[in-house]
Amino acid sequence: MGRSNEQDLLSTEIVNRGIEPSGPNAGSPTFSVRVRRRLPDFLQSVNLKYVKLGYHYLINHAFYLATIPVLVLIFSAEVGSLSREEIWKKLWDYDLATVTGFIGVFVLTACVYFMSRPRSVYLIDFACYKPSDELKVTKEEFIELARKSGKFDEETLGFKKRILQASGIGDETYVPRSISSSENITTMKEGREEASTVIFGALDELFEKTRVKPKDVGVLVVNCSIFNPTPSLSAMVINHYKMRGNILSYNLGGMGCSAGIIAVDLARDMLQSNPNSYAVVVSTEMVGYNWYVGSDKSMVIPNCFFRMGCSAVMLSNRRRDFRHAKYRLEHIVRTHKAADDRSFRSVYQEEDEQGFKGLKISRDLMEVGGEALKTNITTLGPLVLPFSEQLLFFAALLRRTFSPAAKTSTTTSFSSSVTAKTNGTKSSSSDVSKPYIPDYKLAFEHFCFHAASKVVLEELQKNLGLSEENMEASRMTLHRFGNTSSSGIWYELAYLEAKESVRRGDRVWQIAFGSGFKCNSVVWKAMRKVKKPTRNNPWVDCVNRYPVPL
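On a predicted model such as this, the values are computed, not experimentally measured, just so you know.

Scoring rules and cut-offs
- Residues numbered from 1 in each chain as written.
- Predicted model: local features only at pLDDT ≥ 70, side-chain atom pairs only at ≥ 80, totals over all residues.
- Heavy atoms only, no water.
- Helix = DSSP H or I, 4+ residues; strand = E, 2+ residues; numbered from the N terminus.
- Buried < 20%, exposed > 50% of the residue type's maximum accessible area, 1.4 Å probe, protein only.
- Contact = heavy atoms within 4.5 Å.
- Areas by Shrake-Rupley, 256 points an atom, 1.4 Å probe, with all protein chains shown as cover.
- Expected span 1.5 Å × (residues − 1).
- Phe/Tyr/Trp six-rings, centres within 6.5 Å; stacked < 30°, edge-to-face > 60°.
- Pairing = 2+ DSSP bridges.
- Right-handed = clockwise from strand over helix to strand, strands pointing away.
- Axes fitted to C-alpha atoms, helices over the stretch in contact; angles between N-to-C directions.
- Polar contact = N/O pair within 3.5 Å; in protein donor to acceptor, adjacent residues only side chain to side chain.
- Salt bridge = Lys/Arg side-chain N within 4 Å of Asp/Glu carboxyl O.
- Parallel < 35°, antiparallel > 145°, perpendicular 65-115°, else oblique.

Overview of the overall build of the protein chain
For the protein chain, the count of helices and strands is 20 helices and 15 strands. Expressed as a percentage of the 550 residues in the protein chain, the buried residues total 48%. Taking the intrachain contacts of the protein chain between residues at least 6 apart in sequence as the baseline, contacts between residues at least 24 apart amount to 79%. As presented, the protein chain carries roughly 27,500 Å² of accessible surface, and 56% of it is formed by carbon and sulfur atoms.

Right under this line is the structure:
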């Protein structure tokens, strides 16, 4: 069964590599067989405990949901049976002490309820850094910069070129020009220069858009996975903008591409305990500092995908910001799989055999990512899906969990599907074992999935049953800006705003995943229609050219 499951995750395709330029086969056409590991069909094996975790959030408020309607019905029935004269008579029968006591109890209960409620957290605005045009490169220029450095042999450069051709990345992404240097660029000096460029660029734009002074910010959270100097990046920001001395500052490191949502979660917690405050969340990654110069193919892959980028988000818990905020924070669901050894080592920073430091990408990454995604969306489902979808999903899950026939069909589903493909027919066992797949399009109007690679986005679309339009923001961000790590989901939201797609009441689902292995989701609700920006948006000068085919 284990071997069958492994084979089921693999797909093959024949790739035309063109004419062989040199060697004994020069001038002849060459072909190769590419074997890919797909995301597992994580909706085929939903774990009941993660559904229970999602419903746990709802059960916490079950008392209010159950008792308030009952009390309203009882009160309505009692009042409805009396005439107007009888109601006034009953009111006058009470003495002053009784009425005063009743009012006092009511006011006290209302105060306790409203004071114990979590404060709403609003997203005032956000900014995405757009590097200067002199840092823009095509795929061919990217290869030439790597060749110019003299650190890569032709075999490695050829591998990079093939990865880029299938990556979904376009010809207008940004990289630091230092990658063409023959000297060591993974230095603290280079890291600080790149960090100050992208972080201050994003924050300058954010403060201009929100008209909030740096000294008015009470909470600052900066996340950068690889580059973590001393003093920290958050201290660098405080020093540059001369922020106040009692600011609550945090610096998150080593948490991968999903750290941006973790930073928002931390900022939310800080805002809950600090009323009438602003919080700024900065998400970025340093490309030059993480540049790998060896020949290990599993460590060369990050070089091909990661590009320069940074986002800055302004959050607030002030009630008066309700009127001009763009979004309200609805839900955050975090999933961490580091207890599993394969998940822990799926993205791992280490030295190769030559002593060069880099990120090693495991062959298990797609499978590990699928398991984390499955857990995360199963937990999120009860919080966001309409009741009809929850009922159908939960009924199908119970049927699969307790039905012996479903378990048997799941065990034999792979062999049945292979037989069906061989005979050119459909497999009935897969229909029996497959659970009801919730329609997440009923829960969200917009989707911002971490633009890790073209293959990952294709698998997400297939597993969640999403349309091309649902995936447009993620695909176009990958094409225009590449994988900008934890800031990528904000470039995607900026794309939706540039297209004037966001309207009042729309729900936006941002989901990101990263080393550990982690998968995190955040849900926002639009407070107003977002008009097309005329400036301070990374898509302003090019959005009319999109979407483009990948």
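Structure shown, so let's carry the discussion forward.
Focus on helix α13 (residues 365-384)
Counted at 1.5 Å a residue, the expected span for α13 with its 20 residues is 28 Å, and the 28 Å between its end C-alpha atoms agrees. The element α13 is largely enclosed, with a buried count of 18 among its 20 residues.

Quick word on the environment of Val 282
Its location among the elements puts Val 282 in strand β8 (residues 278-284). Sequence spacing of Val 282 and Val 313 is 31 residues, and the spatial spacing of their C-alpha atoms is 6.5 Å. Each residue touching Val 282, except ones within four places of it in the same chain, is listed here: Ile 199, Leu 203, Leu 220, Val 221, Val 222, Asn 223, Cys 310, Ser 311 and Ala 312.

Side note on the packing of aromatic side chains
In this description, an aromatic ring pair is defined by two values, namely the gap between the centres and the angle between the planes. The tally for this structure, following the rule as stated, stands at 21 aromatic pairs. Here Phe 227 and Tyr 289 contribute two aromatic rings whose centre-to-centre distance is 4.9 Å and whose plane-to-plane angle is 65°, an arrangement assigned as edge-to-face. Of this pair, Phe 227 sits in the loop between β6 (217-224) and α9 (233-241) while Tyr 289 sits in the loop between β8 and α11 (297-305); the two residues are 62 residues apart in sequence, bridging distant segments of the chain. For the pair formed by Phe 227 and Tyr 289, the shared burial category is buried. With a centroid separation of 5.5 Å and 80° between ring planes, the pair formed by Phe 449 and Trp 509 is classed as edge-to-face. Here Phe 449, found in strand β13 (residues 446-449), pairs with Trp 509, found in strand β14 (residues 507-514); they are 60 residues apart in sequence, far enough to count as distant. Given the relative accessible area of 0%, Phe 449 is considered buried.

Topic: the pairing of β6
Each regular strand carries side chains that alternate between the two faces of the sheet. Among the 8 residues that make up β6, 8 are buried, leaving the element largely enclosed by the rest of the structure. In this sheet, β8 lies alongside β6 in parallel orientation, the contact comprising 7 bridges. Bridging from a neighbouring strand, Asn 223 pairs with Ser 283 of β8. One ladder, built from 5 bridges, connects β6 with strand β7 (residues 248-252); its direction is parallel. When the sheet's bridge partners are listed, Val 221 is paired in β7 with Tyr 250. Regarding topology, α9 serves as the crossover connection from β6 to the parallel β7, and that connection is right-handed.

Notes on the sheet that holds β6
The 9 strands lie next to each other as β7-β6-β8-β9-β3-β10-β15-β14-β13, forming an open sheet whose pairing is mixed. Single-partner strands in this sheet number two, and they are β7 and β13. If you compare each strand with its neighbour and ignore which way they point, the axes differ by 20° on average. Against the sheet, helix α20 (residues 488-498) engages β3 (122-128), β9 (310-316), β10 (327-336), β13, β14 and β15 (518-526), with an angle of about 100° to β3.

Comments concerning the side chain of Gln 461
Assignment of secondary structure puts Gln 461 in helix α18 (residues 454-464). Residue contacts for Gln 461: discarding those within four places in its chain leaves Leu 466, Ser 467, Glu 468, Met 471 and Arg 475.

Some thoughts on the side chain of Glu 285
One can find Glu 285 in the loop between β8 and α11. At 3.0 Å, the side chain of Glu 285 and the backbone nitrogen of Ser 225 are in polar contact. From its side chain, Glu 285 meets the backbone nitrogen of Ile 226 in a polar contact 3.1 Å long. Leaving out residues up to four positions away in the same chain, Glu 285 has contacts with Glu 194, Cys 224, Ser 225, Ile 226, Phe 227, Gly 309 and Ser 485.

Here we look at the pairing of strand β12 (residues 357-361)
Looking at chain direction, strand β11 (residues 347-351) and β12 are connected through 5 bridges and run antiparallel. Bridge pairing in β12 places Glu 350 opposite Gly 358. Between β11 and β12, which follow one another and run antiparallel, lie 5 residues, and Gly 355 among them has a positive phi close to 90°.

Concerning the pattern of salt bridges
Overall, the coordinates contain 27 salt bridges when judged by the stated rule. When the shortest N-O distance is used, the salt bridge between Asp 133 and Lys 136 registers 3.6 Å. You can call Asp 133 exposed: its relative accessible area is 55%. With a shortest N-O distance of 3.9 Å, Arg 345 and Glu 350 are connected by a salt bridge. Here Arg 345 falls in the partly exposed class, since its relative accessible area comes to 45%.

Quick notes on the environment of Lys 213
Within the secondary structure, Lys 213 is located in the loop between α8 (188-210) and β6. Residues Lys 213 and Tyr 241 lie 28 residues apart in sequence; the distance between their C-alpha atoms is 9.3 Å.

Points about the packing of α18 against helix α19 (residues 468-481)
Between α18 and α19, the least distance of the axes is 11 Å, while the angle of their chain directions is 170°. Here α18 lies roughly antiparallel to α19, going by the angle between them. Touching Lys 454, Leu 457, Glu 458 and Gln 461 of α18 are Glu 468, Met 471, Ser 474, Arg 475 and Leu 478, all from α19.

Side note on the environment of Val 222
Along the chain, Val 222 falls in strand β6. A sequence separation of 58 residues divides Val 222 from Val 280, and the C-alpha atoms of the two residues are 8.3 Å apart. Residues within four places of Val 222 in sequence aside, it is in contact with Leu 233, Ser 234, Val 237, Tyr 250, Asn 251, Leu 252 and Val 282.

Any link to function would need more than the numbers given here.
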